[in-house]
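Examination of the molecular architecture
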Amino acid sequence: MTVDVTVVVPTYNEGPNVAELVRRLAAALGPDGGGQVVPGGVEVLFVDDSRDDTPAVIEQVAARSALPVRMIHREVPDGGLSGAVVAGLRAATGERVVVMDGDLQHPPEMVPVLLATARETGADVVVASRYTGRGDAGGLDGRYRRWVSKASGLLARSMFPVKLRDVSDPMTGFFVVRRAAVDLAALRPRGFKILLEILARQRLVVVEEPFVFGERFAGRSKATVANGLRYVQQLTLLRFGRLSPFALIGALGAVLNLAILAGLQALGVHYLPAVVWANVVTIVINFLLQERFVFADLREGAHGFWGRFVRSFAFNGTEAAVRTLLLWWIVERAVPHPELVQAVLILVAFVVRFVFQAQVVYRPRGTSRARGRTGDRPGEHAQP
Ligand SMILES: Nc1nc2c(ncn2[C@@H]2O[C@H](COP(=O)(O)OP(=O)(O)O)[C@@H](O)[C@H]2O)c(=O)[nH]1
Ligand SMILES: [Mg+2]
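Reading the values: the criteria
Residues numbered from 1 in each chain as written. Chains lettered and ligands numbered in written order. Predicted model: local features only at pLDDT ≥ 70, side-chain atom pairs only at ≥ 80, totals over all residues. Heavy atoms only, no water. Pairing = 2+ DSSP bridges. Helix = DSSP H or I, 4+ residues; strand = E, 2+ residues; numbered from the N terminus. Patch = residues over 30% accessible without salt bridge, like charges linked within 9 Å, V, L, I, M, F, W, Y side chains within 5 Å. Areas by Shrake-Rupley, 256 points an atom, 1.4 Å probe, with all protein chains shown as cover. Salt bridge = Lys/Arg side-chain N within 4 Å of Asp/Glu carboxyl O. Buried < 20%, exposed > 50% of the residue type's maximum accessible area, 1.4 Å probe, protein only. Core = buried A, V, L, I, M, F, W, Y, C linked by side-chain atoms within 4.5 Å. Contact = heavy atoms within 4.5 Å. Donors = N, O, S within 2.8 Å, 3.2 Å for Na, K, Ca; no water. UniProt positions renumbered as here; feature names shortened; annotations may be inferred. Axes fitted to C-alpha atoms, helices over the stretch in contact; angles between N-to-C directions. Parallel < 35°, antiparallel > 145°, perpendicular 65-115°, else oblique. Nonpolar A, V, L, I, M, F, W, Y, C, P; charged D, E, K, R; others polar. Domains from an automatic or database assignment. Buried area = accessible area lost by both parts, 1.4 Å probe. Polar contact = N/O pair within 3.5 Å; in protein donor to acceptor, adjacent residues only side chain to side chain. Expected span 1.5 Å × (residues − 1).

Topic: the pairing of strand S6 (residues 175-178)
On a regular strand, each side chain points to the face opposite its neighbour's, so the side chains alternate between the two faces of the sheet. Looking at chain direction, strand S4 (residues 96-99) and S6 are connected through four bridges and run antiparallel. Among the inter-strand pairings, Arg96 is bridged to a residue of S6, identified as Arg178. When strand S5 (residues 125-129) meets S6, the two strands line up antiparallel, connected through three bridges. Pairing of Val127 across the sheet is with Phe175, part of S6.

A few points about a nonpolar patch on the surface
A cluster of nonpolar side chains, namely Tyr144, Trp147, Val148, Val225 and Leu229, defines an oily patch on the protein surface of about 610 Å² accessible area. Secondary structure elements with two or more residues in the nonpolar patch: helix H5 (142-159) and helix H7 (225-240). Looking at the nonpolar patch element by element, the count peaks at three residues for H5. Tracing the backbone shows Trp147 in helix H5. Assessed through its relative accessible area of 61%, Trp147 is described here as exposed.

Notes on the nonpolar core
The biggest cluster of nonpolar side chains holds 36 residues, and the ones touching the most others in it are Val125, Ile198 and Leu199. Elements with a contribution of two residues or more to this core: strand S2 (42-48), helix H3 (80-91), S4, S5, H5, S6, helix H6 (194-201) and H7. Considering each element in turn, this core owes the most residues, six residues, to H6. Look past the residues within four positions of Val125 in its chain and what remains in contact with it is Val176, Val177, Leu195, Leu199, Leu204, Val205, Val206 and Val207. Grouped together as the second largest cluster of nonpolar side chains are 32 residues, Val7, Val9, Ala26 and Val98 included.

A few points about the coordination of the magnesium ion (ligand 2)
The protein atoms donating to the magnesium ion (ligand 2) are Asp103 (OD) and Gln105 (OE1), with metal-donor distances spanning 1.9 to 2.0 Å. Comparing Asp103 with Gln105 shows no difference in burial state: the two are buried.

Considerations on the UniProt feature "transmembrane region" (unreviewed entry) in the chain
Those places that UniProt annotates as "transmembrane region" (unreviewed entry) correspond, in this numbering, to residues 243-264, 270-289, 309-331 and 343-362. End-to-end, the C-alpha atoms of residues 243-264 are 31 Å apart, and along that stretch the chain is 100% helix and 0% strand. Taken as a whole, residues 270-289 contains 95% helix and 0% strand, while its terminal C-alpha atoms sit 29 Å from one another.

Section: the packing of H5 against H7
Where H5 contacts H7, the two axes come as close as 11 Å, and the packing angle between them is 10 degrees. Here H5 lies roughly parallel to H7, going by the angle between them. Across from Ser152, Gly153, Leu155, Ala156 and Met159 in H5, the residues of H7 making contact are Tyr231, Leu235, Arg239 and Phe240. When the residues that make up the contact of H5 with H7 are grouped by side-chain class, the tally is six nonpolar, two polar and one charged.

A short note on the domain arrangement of the chain
The assigned domain composition of the chain is domain 1 (5-239) and domain 2 (241-368). Each partner contributes to the roughly 360 Å² buried at the junction of domain 1 and domain 2, and carbon and sulfur atoms together form 40% of this total. In this assembly, domain 1 and domain 2 are joined by zero salt bridges. Scanning the region where domain 1 abuts domain 2 turns up zero residue pairs in polar contact (both at pLDDT 80 or more). The residue makeup of the side of domain 1 that touches domain 2, split by class, is two nonpolar, two polar and two charged.

Some remarks on the sheet that holds strand S3 (residues 69-73)
The mixed open sheet is built from seven strands, whose spatial order is S3-S2-S1-S4-S6-S5-S7. Each edge of the open sheet carries a strand with a single partner, namely S3 and strand S7 (206-210). Across the sheet, the mean angle separating the axes of adjacent strands is 20 degrees when strand polarity is ignored. Seen against the sheet, helix H4 (residues 110-121) touches strand S1 (5-11), S4, S5, S6 and S7 and runs at an angle of roughly 150 degrees to S7.

Some words on helix H8 (residues 243-266)
Taking 1.5 Å per residue, 24 residues should reach 34 Å; H8 reaches 34 Å between its end C-alpha atoms and fits that length. Where H8 ends, the next residue or the one after it, Gly268, has phi of about 100 degrees, a positive value.

Regarding the environment of Ser82
Within the secondary structure, Ser82 sits in helix H3. C-alpha of Ser82 to C-alpha of Leu45: the two residues are 37 residues apart in sequence and 15 Å apart in space. Ignoring any residue separated from it by four or fewer positions in sequence, one finds Ser82 in contact with Pro189, Arg190, Gly191, Phe192, Lys193 and Ile194. Looking at Ser82, its side chain comes within polar contact range of the main-chain nitrogen of Ile194, at 3.5 Å.

So, in structure tokens, the structure goes:
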């Protein structure tokens, strides 16, 4: 069945909210409500990651609903809430897709308003904003959550001043997109903030409509501090790609390296063995930090832990050995300051190492170099 509009609703243990949500959507969009707003029909698509009886509730509601209701139940909740929304966008048949929460904090009565704006303006994205005009974040419980929401929105807007120019609420989970305008393959869904991901990856025409964020109808919020941390990671990856955490860790490693070199020399160790120790310690620590903070999302498709460690150590060790020989040559011949020479050489080696890590250590398994030469290697895996 193809329809004009698909309403995608991600749900995680929202059983008690389902019937009320569908009832109010049907009232707002059905023949008695906004039927004229969506002449070609509407479907509701639940993307459910629940671990309770929510799927059964959705099936019951679907059987009695005036609106067509579909459900995708995911056994493996890849990408959390954002992943669920992307799965919904993939499975949607409507030309426009409404994304809204399942807890009625996003009033169903706003949906015809957003759709009318979408049609009148022809915008790619219509954002329902809590922070423009008569919009209000009232339903966000507690001053703390309101402050976090505002501050994180501000941070996102300062990092993407052009793409988010017209967006007062990039953190909202209530919006309409023109399905054909969004490049789903470019998205890397993680955490709670899929709209930010969509807006930051491409140039899209965006308009806003104010809305009042309501109270939860039933159940509890699933937002966590871990989601907050994932958001910061998402922002840096979107803005700087993998290079920025990689550079930060590299810089930390360089400082550590020089500190060990200076420390051992102060203890009377000759500069050559001191350099070797400094290199070995930093290689291991850099590897562990990168595993955690730079390439975490690529680990699964790559070699096992020891496979990655051996490759990383072999490369960095060889690189360090070459660098140590160079250092020795330069210190003995020209510049008798091991720390200074080491600092410059570390800087030069930095770019080389980044390319190697991304292209070899974290290359997804099954993409051989031979295939790379023929030009069909999916290079996007190594790129932000
Ligand atoms: N499918 C899916 N939905 C989720 C997940 N986490 C949260 N949700 C849904 O996303 C919507 C917003 O979550 P909510 O807990 O209300 O967050 P809050 O409004 O920021 O407190 C609700 O409909 C949740 O059921 C998830 O991991 N998977
Ligand atoms: Mg909510």
